[in-house]
Amino acid sequence: MHALAPEHCDIDILHKGQTISDFIEDKIKELGSVESEEPFCVANLDSVFKKHLRWLTELPRVKPFYAVKCNNTAAVLKMMSALDTGFDCASKGEIQLALSLGVTPDKIIYAHTTKPLSHIKYACAHGVDMMTFDSEDELLKISLCHAKAKLVLRIAVDDSKSLIRLSSKFGARLVSVGKLLERARELGLEVIGVSFHVGSGCTGSLAFKQAIADARRVFDIANLLGFQMTLLDIGGGFPGRDDLQVKFEEFPEVINGALDEFFPPDSGVQIIAEPGRYYVESAFTLAANVIAKRVILDDTDEHAEENRPDRMMMYYINDGVYGSLNCLINDAAHTKVEPYLQRAVERSEQRHRSVIWGPTCDSTDKVTDSCWIPELHVGDWLLIDNMGAYSVTLSSDFNGFEKAHIYPVMTAETWHALCQVQTSHFCLCRQSVCQMRQLWSHKIVP
Ligand SMILES: Cc1ncc(COP(=O)(O)O)c(C=O)c1O
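We now turn to the structure provided with this report.

Rules of the game
Residues numbered from 1 in each chain as written. Predicted model: local features only at pLDDT ≥ 70, side-chain atom pairs only at ≥ 80, totals over all residues. Heavy atoms only, no water. Core = buried A, V, L, I, M, F, W, Y, C linked by side-chain atoms within 4.5 Å. Buried < 20%, exposed > 50% of the residue type's maximum accessible area, 1.4 Å probe, protein only. Helix = DSSP H or I, 4+ residues; strand = E, 2+ residues; numbered from the N terminus. Domains from an automatic or database assignment. Contact = heavy atoms within 4.5 Å. Arc of directions from axis to C-beta. Near = heavy atom within 4 Å. Polar contact = N/O pair within 3.5 Å; in protein donor to acceptor, adjacent residues only side chain to side chain. Areas by Shrake-Rupley, 256 points an atom, 1.4 Å probe, with all protein chains shown as cover. Nonpolar A, V, L, I, M, F, W, Y, C, P; charged D, E, K, R; others polar. Axes fitted to C-alpha atoms, helices over the stretch in contact; angles between N-to-C directions. Parallel < 35°, antiparallel > 145°, perpendicular 65-115°, else oblique. Left-handed = near helix turned anticlockwise from the far one by under 90°.

Digging into the nonpolar core
Across soluble globular proteins, nonpolar side chains have a tendency to be buried as a group.
Phase 1: Phe196, Leu232, Ile234 and Phe238 are the most contacted members of the largest nonpolar core, which has 112 residues in total.
Phase 2: When residues of this core are assigned to their parent elements, the largest contribution, 9 residues, is made by helix 8 (residues 206-224).
Phase 3: Residue assignment places this core across two domains, with domain 1 (45-275) and domain 2 (282-403) each supplying three or more.
Phase 4: Once residues lying within four places of it in the same chain are set aside, the contact partners of Phe238 are Trp55, Leu59, Phe208, Phe248, Phe251, Ile255, Ala273, Pro275, Arg277 and Tyr278.

A look at the side chain of Thr85
Phase 1: Position of Thr85 relative to the elements: it lies in the loop between helix 3 (74-82) and strand 4 (86-89).
Phase 2: Residues in contact with Thr85, not counting those within four places in the same chain, are His52, Lys63, Pro64, Tyr66, Met80 and Lys107.

Focus: unusual backbone geometry
Only a minority of non-glycine residues have a phi that is not negative, and only a minority of peptide bonds are not trans.
Phase 1: The phi torsion at Glu35 lies on the positive side, around 50 degrees, for a residue other than glycine.
Phase 2: The class of Glu35 is exposed, set by a relative accessible area of 76%.
Phase 3: One non-glycine residue, Tyr390, lies in positive phi territory at about 45 degrees.
Phase 4: Looking at where Tyr390 falls in the secondary structure, it is placed in the loop between strand 18 (381-384) and strand 19 (405-411).

Here's the deal with helix 5 (residues 117-125)
Phase 1: Every buried residue of helix 5 is listed here: His119, Ile120, Tyr122 and Ala123. The buried residues of helix 5 occupy an angular sector of 155 degrees when projected down its axis, which confines them to one face.
Phase 2: Tucked into the core, helix 5 has its buried residues touching helix 4 (92-100), strand 5 (108-110), strand 6 (130-133) and helix 6 (136-145).
Phase 3: Positive backbone phi, approximately 80 degrees, marks Gly127, located one or two places after helix 5.

Considerations on the site of the ligand
Phase 1: Contacts to the ligand come from 15 residues, most closely from Ser200, Glu274, Gly276, Arg277 and Tyr390.
Phase 2: Take Gly276: an N or O atom from its main chain is 2.9 Å from an oxygen atom of the ligand.
Phase 3: When the ligand is considered free in solution it has 400 Å² of accessible area, and contact with the protein chains removes 92% of it.
Phase 4: Looking at the shell around the ligand, its residues break down into 5 nonpolar, 5 polar and 5 charged.

So, the packing of helix 5 against helix 6
Phase 1: Close contact between helix 5 and helix 6 brings their axes to 9 Å; oriented N to C, the two are set at 45 degrees. Taken together, the axes of helix 5 and helix 6 are oblique relative to one another. When the axes of helix 5 and helix 6 are compared, the crossing they make is right-handed. Here Leu117, Ile120, Lys121 and Cys124 of helix 5 come into contact with helix 6, specifically with Glu138, Lys141, Ile142 and Cys145.
Phase 2: Its residues placed into classes, the contact of helix 5 with helix 6 shows 5 nonpolar, no polar and 3 charged.

Here's what the structure looks like:
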């Protein structure tokens, strides 16, 4: 258990004027006071909220089903639930988690095409009916243990513009669609729609246009076979940060245009998506502590001195590729990070060639290759932004190093806005409850 983890502490409300940087600074002081230097992440729920408002404005026809696999932090899921999104779950465990947080089964799509039988049975027993498939064998399994399922046929689409390609593993080819639909009918199963995923970390919005056109062809084949499909699921793949070349803003224009062309509003087809990275990537900041340091001298230089300006510095921080920074290895869309010092840095401070390592005994546990940064000292804190996607969820405690504790925060304004949409999904820590009471007593919240 983390030194500062208060039981049931869920979300901190920022004081008026308090920024995320202020919160991190306070947390570091708090940790120092109990002689702890464990790594932690701050989850900025205002950022998730703003992303949602942007989604609603820019993709008004598309209902998001947040992809739990991307980041399953309870506060994030509660936030999404409060915002009335659906959820894309990939397993019994993710369905269990969503249900345990109060999500109703009709808001869940079991979006994995290769499911263990026992997980399908679990979905059936808990009323989760919507699920994807892409093969005859999957249809057979579903017919055996969830005959009332509402099936979504996942098709393979061109994923060549994405950093993480998925179509080699999942999705029926267009040529097999007719046969799969016939088989579903033979088995007495209901097919309600089509899904695709252009791949995660999509770098070209036109991939969506082609995929939506492919989905239209499947709807047409289904119509000819007498199926009345009513759902199109355009998957995930949307960018999660604004500092990269590919920006979210180029996607809505292409997607809205393609939807209006191939699935106009009067088609009666409901459109959903499964965004993961989009919602959470930029919301998380990691704070890691410099726990050790070495100065590397050139063996061949007999006059080498520790204070030479061209010396190489090695720093060891207490989170790495086996912890939150596993995205450096596991997420092809996030192979580089830019740590920066939590303290203010003077422009004039000398930079040194430095390598930053993670804490474990493994030499693959490297955070940055040679980079030029001011000299660090043991006890300094480094911050890394954009740590919300496929990072904390995949973290391990290899070598016995603790996983980063997650502190979800939001401003009172956001909390207030959430309260106005009649939500009570959040459990707050003590000082936040006081602030909430103040809000309530001022009758800001009806
Ligand atoms: C089926 C499915 N849906 C949604 C997602 C989320 O994708 P992204 O995080 O790129 O939005 C993934 C990611 O792999 C996925 O496999």
